[in-house]
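Letter by letter, the chains look like this.
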Amino acid sequence: MAKIGEQSYATLDEAIAAAKSGDTIVLVANATTQGISMKGDLTINGAGNTITFEKDGIAIFGHALTFKDAIVSMMGIGSTPYAEWKWMAICASKDGSLTLDNTAMSLDGTDTASNTHAIYFTSNNKLNVTNGSTLVVSNYPQDALEWDGGDGGYNLNVTGGSKVVLDHNRSGIAGTFFVKVDASELTVINNRGNGSNGSHFDIANGSEVSFKDNGSHGLSAGKLFVKGSTVACTGNGMYGITVGNSLNVDGTSTLKANGDKTKASVSSGGGLRITKNARENFIAKGAVVEINNNGGNGLENYADLLIEEGVDLSILQNYEKGNGGGIYNGATGSLTLPSGAKIYNNTAAKAGDDIFSLGKIVVPATGKWILDQNHDGVGDHSITGWFEDGLGSDNPQRWQAHAEDEDANYIIGIEEGNFEIPLALKAAHGIEVDPGEGEEPAGSDGGSEDPGKAEGFSGVETVSAEKAEMVVSGSVKSVSPKTGDSAGFGLAAAAMSVVAAISAAFAALRRRED
């Protein structure tokens with residue numbers, strides 16, 4: 001059944017009992033085990049055979065256990081052989097490590113006790129999945145990979161064309177791990193809680209990382225570095241991606257946060273969130289970034305975030321109950337958006353369908369975009385620029401260009417530029433001109449039409465970034481920056497009064513010119 005050198009053993013468990021630190025056990029046939037408790041370094045070379053755990057799992061005491069060229073099955077395993085570790089399938093004490101080398105390991109927690117974790121690390125541990133290995137952890141009542149707290153240096157390394165799947169557990173990666181994914185795949189799906197909650201991720205060399213359909217947060221990271229790889233976070237209950245320390249995406253990578261914030265019972269959530277403690281946040285030229293169809297802010301930023309020229313950025317069809325359907329840039333945020341960014345057809349219930357900013361922001365020019373019927377209110381119309389959309393005052397006015405009474409229209413154009421004052425913007429258009437009475441729309445001669453210029457609009461004069469900086473005295477009831485609810489935000493209120501005053505100063509622009 002198993003050999004150590006030239007010595008043969010009838011069972012794998014007999015070979016493990018006889019092994020010395022540093023030994024290699026080689027299987028000569030499929031084997032079973034009642035559980036592994038090892039206090040020395042050990043390699044089990046399966047030689048292509050299957051190892052089936054029948055009672056207990058694995059207890060690692062400060063040493064290294066390696067499975068090589070093996071198939072390892074742990075179905076319904078919820079405890080280790082060590083009496084004090086009865087609530088996890090695999091546990092490692094300080095400095096212990098588990099390596100899968102060209103090995104397929106499956107852990108299924110079906111029918112285990114309600115307090116059972118799959119893999120539990122206590123301090124300075126490593127889980128190495130390498131050389132074409134696969135690790136699948138599913139159906140555990142508690143977490144797939146759990147830490148014991150502190151700053152003990154917990155590590156998950158997925159390298160060399162390997163694959164890790166964490167599916168239908170309470171959470172995927174719980175705690176602060178250093179996660180390296182190199183030329184490999186990491187899939188964290190269908191967990192009831194978080195996909196991750198604060199680990200640091202280094203994803204490189206054609207890796208594919210997916211956090212999908214997790215009940216709370218998707219990929220919640222400290223540091224998130226992506227090099228030549230794809231990260232896709234979709235369908236998660238709260239935020240698709242959260243970055244707490246640093247974001248760095250190189251120009252050959254793709255970052256997707258689509259269809260997140262699916263949990264209606266919580267107010268928080270959206271596509272991509274950068275917290276105020278994050279530093280050196282950078283997305284390089286050539287990267288592709290999609291932030292679409294989220295049930296909260298598409299991009300929620302509270303730090304310095306530079307999205308370089310040449311990034312293919314789309315922020316579309318997001319819906320937020322408060323402010324900033326496409327982008328919410330908080331008071332501590334400094335956000336640079338690239339020209340060519342696509343930011344339109346988003347919705348905010350309170351203000352700023354596409355952009356709401358209380359901090360510093362570089363707003364690019366709009367493109368040849370179409371405001372669809374759901375966001376226009378009447379039909380599909382060409383977008384002609386940015387328009388003020390509901391900032392400030394007790395009764396903030398939203399963009400409107402289709403009122404039966406033209407005096408009820410609200411149309412104040414805002415030019416692209418650098419802003420350090422509050423903004424609430426919508427990519428929209430002025431008042432549509434009736435071709436029978438006003439100017440002929442583009443393409444009326446029967447020739448081909450440029451879809452970006454197919455409609456004629458008038459009644460709009462734009463306010464430049466420089467004019468928007470004007471100081472205007474007055475008082476405005478304070479508004480909660482995030483939700484739009486009335487509250488005692490004195491500084492925010494004073495700031496928001498600036499753009500509110502723009503409305504009064506340019507009241508004549510609300511009406512179509514005669």
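Everything below is about the structure shown above.
Owing to the predicted nature of the structure, the values given are computational and were not obtained by experimental measurement.

Enquirer: What am I meant to see in the overall build of the protein chain here?
Expert: Looking only at helices and strands, the protein chain features four helices and 50 strands. Sequence-distant contacts, at least 24 apart, represent 62% of the contacts inside the protein chain between residues at least 6 apart. Per element, the accessible surface of the protein chain, about 20200 Å² overall, is 47% carbon and sulfur.

Enquirer: Before we go on, may I ask you to explain the pattern of salt bridges in this structure?
Expert: A side chain with one charge may pair with a side chain of the opposite charge, provided their charged atoms come close. Enumeration according to the criterion identifies nine salt bridges in this entry. Close ionic contact of Arg-398 with Asp-353 constitutes a salt bridge, the shortest N to O distance being 2.8 Å. Of this pair, Arg-398 sits in the loop between β44 (385-388) and β45 (413-414) while Asp-353 sits in the loop between β39 (347-348) and β40 (355-357), placing them 45 residues apart in sequence. Residue classification places Arg-398 among the partly exposed residues on the basis of a relative accessible area of 24%. A salt bridge links Arg-398 to Asp-389, with the shortest nitrogen-to-oxygen separation between them at 2.9 Å.

Enquirer: Even after reading the chapter, I still don't get the nonpolar core, so can you show me in this structure?
Expert: Looking at soluble globular proteins, one finds that nonpolar side chains tend to be buried together. The biggest cluster of nonpolar side chains holds 109 residues, and the ones touching the most others in it are Phe-67 and Leu-107. When neighbours within four sequence positions are excluded, Leu-107 is seen to be in contact with Met-74, Met-75, Ala-89, Ile-90, Ala-118, Ile-119, Leu-135, Val-136, Val-137, Ser-138 and Tyr-140.

Enquirer: Explanation requested: the packing of aromatic side chains in the structure shown.
Expert: Applying the stated criterion across every chain yields a total of twelve aromatic pairs. Consider the rings of Phe-61 and Trp-85, whose centres lie 4.9 Å apart with planes at 15°: the pair is stacked. Here Trp-85 lies in the loop between β10 (71-75) and β11 (88-92) and Phe-61 lies in the loop between β8 (58-60) and β9 (64-68), a separation of 24 residues in the sequence. Both residues of the pair, Phe-61 and Trp-85, belong to the buried class. One aromatic cluster is present, built from ring pairs that chain together Phe-121, Trp-147, Tyr-154 and Phe-177. The aromatic ring of Phe-61 is capped on one face by Lys-39, whose charged end is 5.4 Å from the ring centroid. Note that Arg-273 overlies the ring of Tyr-239, its terminal NZ or CZ placed 4.1 Å from the centroid.

Enquirer: How should the sheet that holds β11 be read in this particular structure?
Expert: Hydrogen bonding along the main chain pairs the strands of a sheet, whether they run parallel or antiparallel. The strand order β5-β8-β11-β14-β17-β20 describes an open sheet built from six strands, whose pairing is parallel. The two strands at the open ends of the sheet, each matched to only one other strand, are β5 (36-38) and β20 (173-174).

Enquirer: For this particular structure, what's the right way to read the environment of Gly-295?
Expert: Among the structural elements, Gly-295 can be located in the loop between β31 (288-292) and β32 (297-301). By relative accessible area, Gly-295 is classed as partly exposed at 27%. For Gly-295, the residues in contact, after removing those within four places along its chain, are Asp-260, Lys-261 and Tyr-319.

Enquirer: Is there a simple way to explain unusual backbone geometry in this structure?
Expert: Look at Glu-280: it is not a glycine, yet its phi comes out positive at around 55°. Structurally, the position occupied by Glu-280 is in the loop between β29 (270-274) and β30 (281-283). Of the residues examined, Glu-280 reaches a relative accessible area of 68% and is grouped as exposed. One non-glycine residue, Gln-317, lies in the positive phi region at around 60°. Within the fold, Gln-317 resides in the loop between β34 (312-316) and β35 (319-320). Exposure remark for Gln-317: the relative accessible area of 33% places this residue in the partly exposed category.

Cut-offs applied
- Residues numbered from 1 in each chain as written.
- Predicted model: local features only at pLDDT ≥ 70, side-chain atom pairs only at ≥ 80, totals over all residues.
- Heavy atoms only, no water.
- Helix = DSSP H or I, 4+ residues; strand = E, 2+ residues; numbered from the N terminus.
- Contact = heavy atoms within 4.5 Å.
- Areas by Shrake-Rupley, 256 points an atom, 1.4 Å probe, with all protein chains shown as cover.
- Salt bridge = Lys/Arg side-chain N within 4 Å of Asp/Glu carboxyl O.
- Buried < 20%, exposed > 50% of the residue type's maximum accessible area, 1.4 Å probe, protein only.
- Core = buried A, V, L, I, M, F, W, Y, C linked by side-chain atoms within 4.5 Å.
- Phe/Tyr/Trp six-rings, centres within 6.5 Å; stacked < 30°, edge-to-face > 60°.
- Lys NZ or Arg CZ within 6 Å of the ring centre and 35° of its normal.
- Pairing = 2+ DSSP bridges.

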